Amino acid sequence: MLTLTLIKFSFHGMYIATIFQDNYLLCVNKPNNVLVHHAKHSRNIADEASLLQLIEIQIGIKVFPIHRLDRKTSGIILLAKQKEYVSKFQELFTNNKIQKTYFGVVRGFSPNSKTIDSPVKGRDAKVHKEALTLLKTLANITLDIPVKPYDKSRYSLVELTPKTGRMHQLRVHSSKISHPLIGDAKYGDKNHDIMFIENFGWKNLFLHAGKLEFSHPFSSEVLHLQADFSKDWLSLFEKFDWKNPLV
């Protein structure tokens, strides 16, 4: 059952779209800069509600996250309607039976295609774990806007397919091949981020979880779910004359 319901949350007047729901699952389009749930390090952030809190407050149901999505990353996220359903959906990720497709804007002209096979630090920041990402370049552009040390600036629209699920994997892998994501304060290039803000007013991380494809573990329905791009993305597509890859 595919729904197009817009749920208006009171958090900064944002709208969160419900992409799909049934008796087991709620799938929504998470905006940038919204925590999925509060971790210990984030509980002291004032006036900030998590996605789980917003859903419980506004539509009256408690949901349970099936996978992770960084606070600064927008896009599709799966939430179970009962805690006991979580493990069955998580098996899809563990057994690589779910196709995840992200889209990003990176610095420079990225390769037409590339397999990035490079370990990424785990959550304890000590142990490196194997990580694999497939990259495909969809479009690129050269702007007559200087960014030190060059008199022009170049960017690419990329499709990223993670084959593992390490923390910050796509952000780290993009940086490791010298094509960091725009708007990534931790792994990116501050000079290009400032240029985007000053010239276009775009402040968000340009990483979007656009698609999920999998067989529903309870109903066996094959789902092809996608999350629409935010206003910043749509503005970028128009200004850069890039085709929206979800259309």
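Residues numbered from 1 in each chain as written. Predicted model: local features only at pLDDT ≥ 70, side-chain atom pairs only at ≥ 80, totals over all residues. Heavy atoms only, no water.

A.B. asks: Could you give me a rundown of the overall build of the chain, with the residues and numbers involved?
C.D. replies: Counting its secondary structure elements, the chain contains five helices and 13 strands. Out of the 247 residues in the chain, the part that is buried amounts to 48%. Of all intrachain contacts in the chain linking residues separated by at least 6 positions in sequence, the fraction that spans at least 24 positions is 60%. A total of about 13,100 Å² of accessible surface is found on the chain, and carbon and sulfur atoms cover 49% of it. (Helix = DSSP H or I, 4+ residues; strand = E, 2+ residues; numbered from the N terminus. Buried < 20%, exposed > 50% of the residue type's maximum accessible area, 1.4 Å probe, protein only. Contact = heavy atoms within 4.5 Å. Areas by Shrake-Rupley, 256 points an atom, 1.4 Å probe, with all protein chains shown as cover.)

A.B. asks: Go over helix α3 (residues 169-176) with me, naming the residues and quoting the values.
C.D. replies: The buried fraction of α3 amounts to six of the eight residues, a majority that puts the element mostly inside the structure. Every buried residue of α3 is listed here: Gln169, Leu170, Arg171, Val172, His173 and Ser174. Contacts made by the buried residues of α3 are with β6 (98-107), β7 (113-117), β8 (120-121), β10 (132-143), β11 (153-162) and β12 (207-215). The positive-phi residue at the C-terminal boundary of α3 is Ser178, with phi of around 65°.

A.B. asks: Please provide a residue-by-residue account of the side chain of His179, values included.
C.D. replies: Relative to the assigned elements, His179 resides in the loop between α3 and α4 (190-200). At a separation of 2.7 Å, a polar atom in the side chain of His179 contacts the main-chain carbonyl oxygen of Arg107. If sequence neighbours within four positions are ignored, His179 has contacts with Val106, Arg107, Gly108, Phe109, Ser110, Pro111 and Ser174. (Polar contact = N/O pair within 3.5 Å; in protein donor to acceptor, adjacent residues only side chain to side chain.)

A.B. asks: I'd like a description of the environment of Lys152, backed by residues and values.
C.D. replies: Relative to the elements of secondary structure, Lys152 occurs in the loop between β10 and β11. For the pair formed by Lys152 and Thr142, sequence separation is 10 residues and the distance between their alpha carbons is 6.9 Å. Dropping the residues within four chain positions of it, Lys152 is found in contact with Thr142, Leu143, Asp144, Ile145, Pro146 and Val147. Polar side-chain contacts of Lys152 include one of 2.4 Å to the side chain of Asp144.

A.B. asks: Can you explain the packing of aromatic side chains? Please cite residues and give values.
C.D. replies: Scanning all chains against the criterion turns up 19 aromatic pairs. Considering the side-chain rings of Phe196 and Trp202, the 5.6 Å spacing of their centres and the 65° angle between planes classify their relative orientation as edge-to-face. By relative accessible area, which is 0% here, Phe196 ends up buried. Note on Phe196 and Phe240: the rings are 6.2 Å apart at their centroids and 90° apart in plane angle, and the pair reads as edge-to-face. In this pair, Phe196 is assigned in helix α4 and Phe240 in helix α5 (residues 231-240), connecting sequence segments 44 residues apart. (Phe/Tyr/Trp six-rings, centres within 6.5 Å; stacked < 30°, edge-to-face > 60°.)

A.B. asks: Residue-level account of unusual backbone geometry, with values.
C.D. replies: Here the amide bond leading from Lys148 into Pro149 is cis, since omega sits at 5°, within 30 degrees of zero. Structurally, the position occupied by Pro149 is in the loop between β10 and β11. Residues other than glycine seldom take positive phi values, yet Asn33 does so here, at roughly 60°. Its location among the elements puts Asn33 in the loop between β3 (25-30) and α1 (51-59). The class for Asn33 is partly exposed, based on a relative accessible area of 32%. Here Asn96, not a glycine, exhibits a phi torsion of approximately 55°, which is positive. Along the polypeptide, Asn96 turns up in the loop between α2 (86-94) and β6.

A.B. asks: So what's going on with the side chain of Thr133? Residues and values would help.
C.D. replies: Within the secondary structure, Thr133 sits in strand β10. The class for Thr133 is buried, based on a relative accessible area of 1%. A polar side-chain atom of Thr133 sits 2.8 Å from a polar atom in the side chain of His173. Those residues in contact with Thr133, other than ones at most four positions away along the chain, are Lys114, Thr115, Ile116, Leu160, Thr161, Pro162, Gln169, Leu170 and His173.

A.B. asks: How would you sum up the confidence of the model for the chain? Please name residues and give values.
C.D. replies: Considering every residue of the chain, the mean pLDDT works out to 90; 88% of them sit at 70 or more. Predicted confidence for residues 1-6 stays below pLDDT 50, and this span has 16 contacts to residues more than four positions away or in other chains. Counting contacts from residues 42-47, a segment whose pLDDT is below 50, to residues more than four positions away or on other chains yields five contacts. (pLDDT = per-residue confidence, 0-100.)

A.B. asks: Talk me through the environment of Ile16; I want residue IDs and the actual numbers.
C.D. replies: Relative to the helices and strands, Ile16 resides in strand β2 (residues 15-21). We classify Ile16 as buried; its relative accessible area is 0%.

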